[in-house]
Amino acid sequence: MVSPEPQPPAPGGGAASPELRKVTMSSLLGTVIEYYDFLIYSSIAALVFGPLFFPSLDSSTSTIAAFGTLAAGYVARPLGGLVFGHFGDRLGRKSMLMVTMTLMGAASFLIGVLPTYGSIGIAAPLLLVFLRVVQGIAVGGEWGGAALMVVEHASARRRGLWAGIMQLGSPLGSFLATLVFALVSLLPKDALFSWGWRLPFLLSALLLIIGLYVRLRVSESPVFREQAAKPADRKPAVPVLQVLRRPRALVLACAAGIGPFALTALVSSHSIAYAKTLGYDVSDVARALLFVAGVGIICIPAFSAWSDRVGRRVVSLIGAVGTLLYALPLYALVNSGSVLLLTLGLMGAQVLQNLMYAPLAPMLSEMFGTGVRYTGVSLGYQLASLLGAGFTPLLASSLVAGFGGSSLPLSAIAGVGAVITIVAIWRISETRGSDLTDSPDAVSPEPAARWS
C-alpha cells in the first residue's frame, strides 16, 4: 500500500530541505481536500439541504435542521481525533493520514449520490447524518497529523513559517468550496435542486485520487521515528490516558481555539443563511466569501511566520482582543444592505480570525510530548472546533429567530469566543522554540513566557 520512503533528515533538520518542502506540499494538498469536502457541505446545507431532506418543516425550522446535520460532523471530530490520534502516536503519522483522506473523499462522494427525502423518505436525512459523521471523524484525524508531519520535519526557529504554509489548506479549501458553490448557485433553481447541488460532492473523487498519489510519496516524521525506536516501556501504551492525567494542556489548547472557530463559523457558515434573511442575493454572498477566503490565503502564512519572531501568544492575543472590539461593528456592516460593506465587514473579521488561528498549529504541537502529540493536538483542536463552531450556526439561527432577526446574539457569540481565547492564551506559557524531542509526557516542560 505504501511506497518505499526516502530517509528523512534528522529531527528538526534543515528548514528548507527538499523533504520538508515535499512534506509541506503534501500536507497542504491533503488539508485543502479535507477542508473543501467539509466546507462545501456547510455551503450546500445553508441553501439546499433544508427543503430536500427536511421538506415537511417550515423554512426556518428546515434551515435549523440542516445546520443540525452540520453540527453532527463537528460532534464526530473529537472522536476522529481520539481514534486517529491514538494510532498516529502508536503507528505513525503518515499511515493515519492515508486513512483520513480516503474516508473523507468516499463520504463526500456518497453524499453526492444520496437520494433525497422525496425518493426514500426518512432514510435520506438519516443517511445524510451518517455520512456527515464519517466526514467529521476523518477531519478529526486529518488536521493534527498534517500539522505534525510539517512541524516535526521543520527546524525550531521556522516552524511557524512552514506550518503556516500547511494551514493554507483551510483558506484554499474554503476558496475552492466557495468557488464551486458560487458556480452551481448560478444554475436555475430547478436544476440546482435536482442535480446541481450534487456536483461539488462528486468532484471529491478526483481530488481524492490526486491527494492519495501525493501523500504516498512522503516520508514519516523523523521525530516520530526517533520516538518509535525507544523501548516499549518508555512509550505511553494509551496516549489519551497520559494526556488526561495532566489535562491542563488539553484544556488550554481547546480554549485557545474556541475564539477563531466561533468566528469562522459565523463568517463562513452562518453568513449565507443570515444574509438571505436580510435580502442579499446568495450569489453576492458567495462572491463576498471568495474575497474572505483570499484574505486567509495571504494572512495565515504571514501571521504564522510572524509568530516565529514575536511568539505564538502575541499574535493570538492581538486577534482575540481585536475580535472582541469588532463584534458589534461587524454586524453593523453586514446589516447595512450594501454588498460592498458586507464584503469588507467579513474580510475584516477574517483578518482577526487568522490572527487567532494561524499560530495554533505550531503552538499546540509544542505543548505536547512526542508520544502523545498526535492525540493531544487532535483532541485539543477538534474539541475547540466542536465547542466553537459545531453548534454555532445552529445556535445563531435559533437566536436570530428568537430575537426577531436581531444581530446582537451574533455579536455576543463572537465576543464570548474571543474572551475564552484571551483567558486561555493568558494562561499558556510561550512555546516558541520548544524542543519537540525532549519530553515523552503529556505536556512538554513549560518555559517562561518570552515576549521578545
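Since we're looking at a predicted model, the values are computed, not measured. (Residues numbered from 1 in each chain as written. Predicted model: local features only at pLDDT ≥ 70, side-chain atom pairs only at ≥ 80, totals over all residues. Heavy atoms only, no water.)

**Considering the overall build of the chain**
Then, number 1: A tally of helices and strands in the chain yields 20 helices and zero strands.
Then, number 2: Counting over 452 residues, the chain shows a buried share of 61%.
Then, number 3: By sequence separation, contacts in the chain at least 24 residues apart represent 86% of the contacts at least 6 residues apart.
Then, number 4: Taken as a whole, the chain presents about 16,000 Å² of accessible surface, with 71% of it coming from carbon and sulfur. (Helix = DSSP H or I, 4+ residues; strand = E, 2+ residues; numbered from the N terminus. Buried < 20%, exposed > 50% of the residue type's maximum accessible area, 1.4 Å probe, protein only. Contact = heavy atoms within 4.5 Å. Areas by Shrake-Rupley, 256 points an atom, 1.4 Å probe, with all protein chains shown as cover.)

**A few points about the nonpolar core**
Then, number 1: Counting residues in each nonpolar core, the largest one holds 127 residues, and the members touching the most others are Phe49, Phe53, Trp143 and Trp197.
Then, number 2: Shared between two domains, this core holds at least three residues of each, these being domain 1 (17-224) and domain 2 (239-429).
Then, number 3: Other than its neighbours up to four places away in sequence, tryptophan 143 contacts Tyr35, Met166, Gln167, Tyr357, Leu360, Ala361, Val377, Tyr381 and Gln382. (Core = buried A, V, L, I, M, F, W, Y, C linked by side-chain atoms within 4.5 Å. Domains from an automatic or database assignment.)

**Overview of the pattern of salt bridges**
Then, number 1: This model, assessed by the stated rule, comprises nine salt bridges.
Then, number 2: Of the charged contacts in the structure, one is a salt bridge between aspartate 89 and arginine 93, with a shortest N-O distance of 3.1 Å.
Then, number 3: Between glutamate 366 and arginine 159 there is a salt bridge, and its shortest N-O distance comes to 2.9 Å. In this pair, glutamate 366 is assigned in the loop between helix 17 (360-365) and helix 18 (373-390) and arginine 159 in helix 6 (residues 159-166), connecting sequence segments 207 residues apart. Pair check on accessibility: glutamate 366 and arginine 159 agree, each one buried.
Then, number 4: The network of salt bridges with shared partners includes Asp89, Arg93, Glu152 and Arg373. (Salt bridge = Lys/Arg side-chain N within 4 Å of Asp/Glu carboxyl O.)

**Regarding the packing of helix 19 (residues 392-402) against helix 20 (residues 408-427)**
Then, number 1: Two numbers describe how helix 19 lies on helix 20: the axes approach to 8 Å, and their chain directions differ by 150°. On helix 20, the residues touching Thr392, Leu395, Ala396, Leu399 and Val400 of helix 19 are Pro409, Leu410 and Ile413.
Then, number 2: Class assignment of the residues belonging to the contact of helix 19 with helix 20 gives a composition of seven nonpolar, one polar and no charged. (Axes fitted to C-alpha atoms, helices over the stretch in contact; angles between N-to-C directions. Nonpolar A, V, L, I, M, F, W, Y, C, P; charged D, E, K, R; others polar.)

**Considerations on helix 14 (residues 282-310)**
Then, number 1: With 29 residues, helix 14 should reach 42 Å at 1.5 Å per residue; the first-to-last C-alpha distance of 40 Å fits that figure.
Then, number 2: Residue cysteine 299 marks the point of greatest curvature in helix 14, where the axis turns by about 30°; the proline proline 301 follows within four residues.
Then, number 3: Positive backbone phi, approximately 105°, marks glycine 311, located one or two places after helix 14. (Expected span 1.5 Å × (residues − 1). Bend = angle between axes of the 7 residues up to and from the residue.)

**Some remarks on empty space enclosed by the protein**
Then, number 1: Summed over all chains, the structure comprises four cavities of 30 Å³ or more.
Then, number 2: The space that makes up the largest cavity amounts to roughly 340 Å³.
Then, number 3: Together, 27 residues line the largest cavity, and Leu39, Ser170, Ser174, Thr264 and Ser268 are the ones closest to its centre.
Then, number 4: Elements supplying a minimum of two residues to the lining of the largest cavity: helix 1 (18-53), helix 2 (59-91), helix 7 (169-185), helix 13 (248-277), helix 14, helix 16 (339-357) and helix 18.
Then, number 5: Of the residues assigned to the lining of the largest cavity, the class counts are 15 nonpolar, 11 polar and one charged.
Then, number 6: Residue assignment places the lining of the largest cavity across two domains, with domain 1 (17-224) and domain 2 (239-429) each supplying three or more. (1 Å grid on protein atoms, 1.4 Å probe; cavity = no way out; pocket = protein on both sides within 12 Å on 5 of 7 lines; lining within 4 Å. Points joined across faces, edges and corners; volume = space filled by probe spheres on them.)

**Brief notes about the packing of aromatic side chains**
Then, number 1: Enumeration according to the criterion identifies seven aromatic pairs in this entry.
Then, number 2: Ring geometry for tryptophan 197 versus phenylalanine 201: centroids 6.2 Å apart, planes at 75°, classification edge-to-face. With respect to burial, tryptophan 197 and phenylalanine 201 carry one shared label: buried.
Then, number 3: Taken together, the aromatic side chains of Trp143, Phe261, Tyr357 and Tyr381 make up a single cluster linked through ring pairs.
Then, number 4: Its end group placed over the ring of tryptophan 426, arginine 427 keeps NZ or CZ at 5.4 Å from the ring centre. (Phe/Tyr/Trp six-rings, centres within 6.5 Å; stacked < 30°, edge-to-face > 60°. Lys NZ or Arg CZ within 6 Å of the ring centre and 35° of its normal.)

**As for the packing of helix 14 against helix 15 (residues 312-334)**
Then, number 1: The contact between helix 14 and helix 15 brings their axes to 6 Å, and the two run at 130°. When the axis of helix 14 is compared with that of helix 15, the two are oblique. Listed contacts from helix 15 to Phe303, Ser304, Trp306, Ser307, Asp308 and Val310 of helix 14 are Arg312, Val314, Val315 and Ile318.
Then, number 2: Here the contact of helix 14 with helix 15 is built from residues that sort into six nonpolar, two polar and two charged. (Parallel < 35°, antiparallel > 145°, perpendicular 65-115°, else oblique.)

**Re helix 20**
Then, number 1: Compared with an ideal rise of 1.5 Å per residue, which puts 20 residues at 28 Å, helix 20 spans 29 Å between its outermost C-alpha atoms and is within 8% of the ideal.
Then, number 2: Considered for burial, the residues of helix 20 that qualify are Pro409, Leu410, Ser411, Ile413, Ala414, Gly415, Gly417, Ala418, Thr421, Ala424 and Ile425.
Then, number 3: Buried residues belonging to helix 20 abut helix 13, helix 15, helix 16, helix 17 and helix 19.

**Let's talk about the confidence of the model for the chain**
Then, number 1: The predicted model of the chain has a mean per-residue pLDDT of 85, with 90% of residues at 70 or higher.
Then, number 2: Scored below 50 in pLDDT, residues 1-15 shows 41 contacts in the model against residues more than four places distant or in partner chains.
Then, number 3: Taken as a whole, residues 440-452 scores under 50 in pLDDT and shows 44 contacts with residues more than four places along the chain or in a different chain. (pLDDT = per-residue confidence, 0-100.)

**Some details on the side chain of serine 204**
Then, number 1: Along the chain, the position of serine 204 falls in helix 10 (residues 204-215).
Then, number 2: Within the local environment of serine 204, its side chain forms a polar contact with the backbone oxygen of phenylalanine 201, the two atoms lying 3.1 Å apart. (Polar contact = N/O pair within 3.5 Å; in protein donor to acceptor, adjacent residues only side chain to side chain.)

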